[in-house]
Each structure stands twice: as structure tokens, then as C-alpha cells.
Protein chains: 2
Amino acid sequence: MESIQSEAALNFCQACAVRNRAICADLDDEEIRILNSIGRRRHLEAGEQLFWEGDEAIVVANVIEGLLKLSTQTSDGKEQILGLAYPSDFMGRPFGNSTPYGVEALTPALVCTFQRADFDRFAREHPKLEHNLLERTLSELDRTRRWMLLLGRMNAEQKLATFLLDMSERLAPKGCAPFEQSADAFELPLSRQQIADVLGLTIETVSRQFTKFRKQGLIDLPSRREAVIQKRERLEELAQ
Amino acid sequence: MESIQSEAALNFCQACAVRNRAICADLDDEEIRILNSIGRRRHLEAGEQLFWEGDEAIVVANVIEGLLKLSTQTSDGKEQILGLAYPSDFMGRPFGNSTPYGVEALTPALVCTFQRADFDRFAREHPKLEHNLLERTLSELDRTRRWMLLLGRMNAEQKLATFLLDMSERLAPKGCAPFEQSADAFELPLSRQQIADVLGLTIETVSRQFTKFRKQGLIDLPSRREAVIQKRERLEELAQ
DNA sequence: CGCAATCTTGAGTGATATCAACAGGAGTGG
DNA sequence: CCACTCCTGTTGATATCACTCAAGATTGCG
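Predicted model, so just to flag it, every value in this text is computed and none were measured. (Residues numbered from 1 in each chain as written. Chains lettered and ligands numbered in written order. Predicted model: local features only at pLDDT ≥ 70, side-chain atom pairs only at ≥ 80, totals over all residues. Heavy atoms only, no water.)

**Q** Report on the protein's contact with DNA strand C, specifying residues and quantitative values.
**A** Of all residues adjacent to DNA strand C, which total 17 residues, the nearest are A156 and T205 of chain A together with S207, R208 and T211 of chain B. Atoms of DNA strand C within 4 Å of the protein: sugar and phosphate make up 63%, bases the balance. The contact in question runs from a phosphate oxygen of DNA strand C to an N or O atom on the side chain of T205 of chain A, over 2.5 Å. A distance of 2.9 Å is found between a phosphate oxygen of DNA strand C and a side-chain nitrogen or oxygen belonging to R192 of chain B. Looking at the surface near DNA strand C residue by residue, the classes come out as two nonpolar, eight polar and seven charged. (Near = heavy atom within 4 Å. Polar contact = N/O pair within 3.5 Å; in protein donor to acceptor, adjacent residues only side chain to side chain. Nonpolar A, V, L, I, M, F, W, Y, C, P; charged D, E, K, R; others polar.)

Below you can see the structure in the form of C-alpha cells.
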């Protein structure tokens, strides 16, 4: 088992779909070999939990495929989704004692996990990786702060318009080939309740806003899990 | 002028109040000397702006003394405060093109600024500093995400209770001497409007909640800019 | 003392939450 | 193929919390 793992090690990372975008980008072969030896791939079903809020921070992970949510809740059980993790995103809390949020797969997902102790040690010895992680963390902080404006100062209409535009942008690059997949039609990887938990609303308010947008011809909803943006400019005006 | 600056260089940082807590902690004398040569101290009056949202990200800075706010606004002018910067905190966007938030001093402040290009170059050459910055950014991201729960899922009462407890905690270590300053009585460095902008509320709602807490005996308000926590446990229950 | 800025309080409104009923699909078993 | 159920989402009725608008009160300052 051990030898199979190490033999396959290089191929694993080399063939990795996010090899050039994740924090392991720009590492040399030797570094990749080490990283590979301490990382483990893991499949998750939709709905499966990768870590729980308040866990001892034992594990960190990279997303290879799929979509996951980071979330927390008030003591009376209201949930707030703190962010979504797309392929190449990093999850978990290095250099810390506990994971301050739970992580759950929204779609079937493939992640690359590391024991935090291993990861921390490797990171401290490899500034290039720490630099990549720093850039990623700074971007994530910017994105999170932008979301604070949404949560604190936008009404339901602005929130949903912003959400739809954000999703269409983030889900589009999937087919980043020459024939780029239309960003206007996409599958919603979140349920209405989860959308509500992202936007700080209730499921009923989200549903009503969807209906309103549909009746105004801004969007179409072929099914519960599909959305089509029909008047992007108008949505952009609403989102501002 | 130039020579005075470089002569005084070492002393500047060595005498710095946040020397051991800011991202420059643990740097050796030579590193400190370089950092000092590229940094400039700057005083800010309360209300003075250090950078504007959307600025080209030309400058980054460390807080030495005072309190500053990071904020952004919707296109219709509603403000959201994204965070407060206390002594030893880092502000600005290294490795990026524009500062995604404005920074304004809430009290008279002393900051240590760097041209971003200088800072970026120094950081990339000094992993220790990048590591410090990474740890700080990770903590800030955790804190920001916790605030998302407040903005998205708490009511006005929970928000203000959380705010008061947070302030009392963050302002307390000022007198971190043996005779620690009481955390229960503190000066509010924010106006009612600014508190509203932190909490995603209106000034009237904040004012009403203050009055309610005062009438319930949870807090005292000796003046507009002072608060005294009288029933901390009760506030903690409300904040959850 | 008077003015301006900030804060507080009041009254009324409105957006979103809450509670409740219903609708539509997907899966299951007869 | 059709009933049945479960789950998710939609729609309606009502309540409530926070916002808005407006008027005073307090504070600081020249």
C-alpha cells in the first residue's frame, strides 16, 4: 500500500485538475513529491461533512472538484453560509487550534486533505507555498468583506440579484475551453434554503424574489435547480 | 532630512510600541533596518482618511497607535464598516492592484506606511514576514467571518450586545500592565452612526437599543462616548 | 449665549419574518 | 400505470422588527 502510494505519488499531483491554480502551483517536482506523500485524496457525497465547526483543527484541504459550503450557526440554530469553496480553493485553519466553521459538500466532491501538523510543517519550510496561501487568503478576505456589504446593507432584491450574478460568474469558467460555456444558464448547486443561508434571508423571501424576477422576465427557472439570466444588465442595475 | 531619517532608522523600529506584536515581530536587526528604511511614520487626526476605496493600492500600513475603520459603501451611499484596525494591525492590500476599502482614523492615530511595491518586494524576500502576515490575515478572515453571522442572522439586540462585549474585550488590553484597566468601563471610539455602520443598522435603532440596555440596568452610559458594562453575564446571554 | 452637530424619542410605515396551507416532483410499491 | 408519501418549494395571511420621517433634547464649542 505504502509503496503503491509513493510510486503513484508524482502522477497523482501531476494529473491534478487544479495543479496550476491551487496553492501548490509553481512548486517544483521535489516539493510536489513531498506534498503528495502527506496528502490524501478523498471523495465526498453531496451532503457529506468534511469538518465540523469547532473541531480541533486537525485537517486542511484543497478542493479538486465539486462545490462545498463553509458555514456557522447562531446558538438558536440559524445558519449562515460564510462562503463557497470551488475547485482550487483552500479550506481549513492552518496555524490555529480549531476550525471556526463547518464544511459540507454541496455536490459530489473530490478534495485533497492534509493533516494540519504535516501541512503546517511543510508550509513553514516552503515559502513559495506560504506565499501562494497568503495571496489566496488575502483574496478570500476581500471577497468576504464584499459579502459583508451585502449582508449588512442590501435588501432582498439586491441580495438575490448579486447572488445570481456572482454564481453565473463563478460557475462559468468550468468550460474554460475555447467554446466557453454560457454564463447565462447554469445549474444552481444550492437549494432555496441554502441560498437563504448565504444571503441572510429566509427561504420564503428567497422564493418570492425568484418569482418576482421571473415574472419581470429578468430570469427563467426551467427547474428548481436551474437558472437562466435573461436581462443581465437589469440585474446588474439592481445589484449595483 | 534624508540622513536624519536613516540615522534614526534603527531607533524608530526598536522603540516601536507594536514592535513585538505587529508583522515585523521576530525580524532580525538587519531586516528591521531595511524595513525601517522603506517605511515612513505618519500621524493622522481623527476623521482623516489614509486611503480611499478603489485607490490604486499604492500604500500598505501598520497601526502603531489609535483606532481606524475599514469601510465600503453601496452605490446609494449606505456605509458598511468592514472592520476596525487596532495597534499592531495591518492594513492595505499587498500583491494586488486596488484597495477594496477605505481607511479612516477614528481617533488620532500613528501608522507606519510602506509603498506597496517596496513592501511586496521585501515580503517576497523575507518569508518570516510573509508568515507573520499570513497568520494575521488568517485570523482576520476568521474574525470577519464571525461578523458575517452577526450581520446575516442576528437581531438588533444581539448585535449591540455582541458589539459591546467585543469592544470591551478589544479595548481592555490597552493597560495590559499588572494593574489591568477594567474591561467593564471604556471609551467608545465610535459615534452612534459608526456603530450603526458596523452592525448593519440605522442610528435610531442603535440609540433605542442603548436606551433599552440602560433602562434594563445592563449598561451605564456616563456620556455619549463612554460605556460601562454592569451585567456582563446577561449581555453574554443576549449575544450568545 | 447661541449655534451646530449629535443623539434621543416618537409615530407611522414597510420589508421581511413567521406561521400555515398548498403545489409539484421524485421515488416507491401495489 | 397509478396512488401514496416525502421532500422541497411556492404562495398567502399576518405579525413584527427595524426603517423612515420628524421633532425635540443634549452636548460641545465659538
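**Q** Summarise the interface of chain B and chain A; cite the residues concerned and give the values.
**A** Every contact between the two is made by 42 residues of chain B and, on the other side, 42 residues of chain A. Summing both sides of the interface, chain B and chain A together bury roughly 4100 Å²; the carbon and sulfur share of this comes to 61%. A per-residue breakdown of the area chain B buries against chain A is headed by R145, M148 and R153 of chain B, which together make up 20% of the total. Along the contact surface separating chain B from chain A lie six salt bridges. Among the ionic pairs, R145 of chain B bridges to E140 of chain A, the shortest N-O distance being 3.5 Å. If you list the elements that add at least two residues to the side of chain B that touches chain A, you get β4 (68-73), β5 (79-85), α4 (127-153) and α6 (192-199) of chain B. When residues of the side of chain B that touches chain A are assigned to their parent elements, the largest contribution, 20 residues, is made by α4 of chain B. (Contact = heavy atoms within 4.5 Å. Buried area = accessible area lost by both parts, 1.4 Å probe. Salt bridge = Lys/Arg side-chain N within 4 Å of Asp/Glu carboxyl O. Helix = DSSP H or I, 4+ residues; strand = E, 2+ residues; numbered from the N terminus.)

**Q** Give me the nonpolar core: which residues, what numbers.
**A** L68, M91 and L164 of chain A together with L68, M91 and L164 of chain B are the most contacted members of the largest nonpolar core, which has 104 residues in total. Sequence-distant contacts of L68 of chain B, defined by excluding residues within four places in its chain, comprise L44, V63, G83, L84, A85, M91, V103, E104, A105, L106, A109 and V111 of chain B. Membership of the second largest hydrophobic core comes to 48 residues, among which are A22 and L134 of chain A together with V18 and I64 of chain B. (Core = buried A, V, L, I, M, F, W, Y, C linked by side-chain atoms within 4.5 Å. Buried < 20%, exposed > 50% of the residue type's maximum accessible area, 1.4 Å probe, protein only.)

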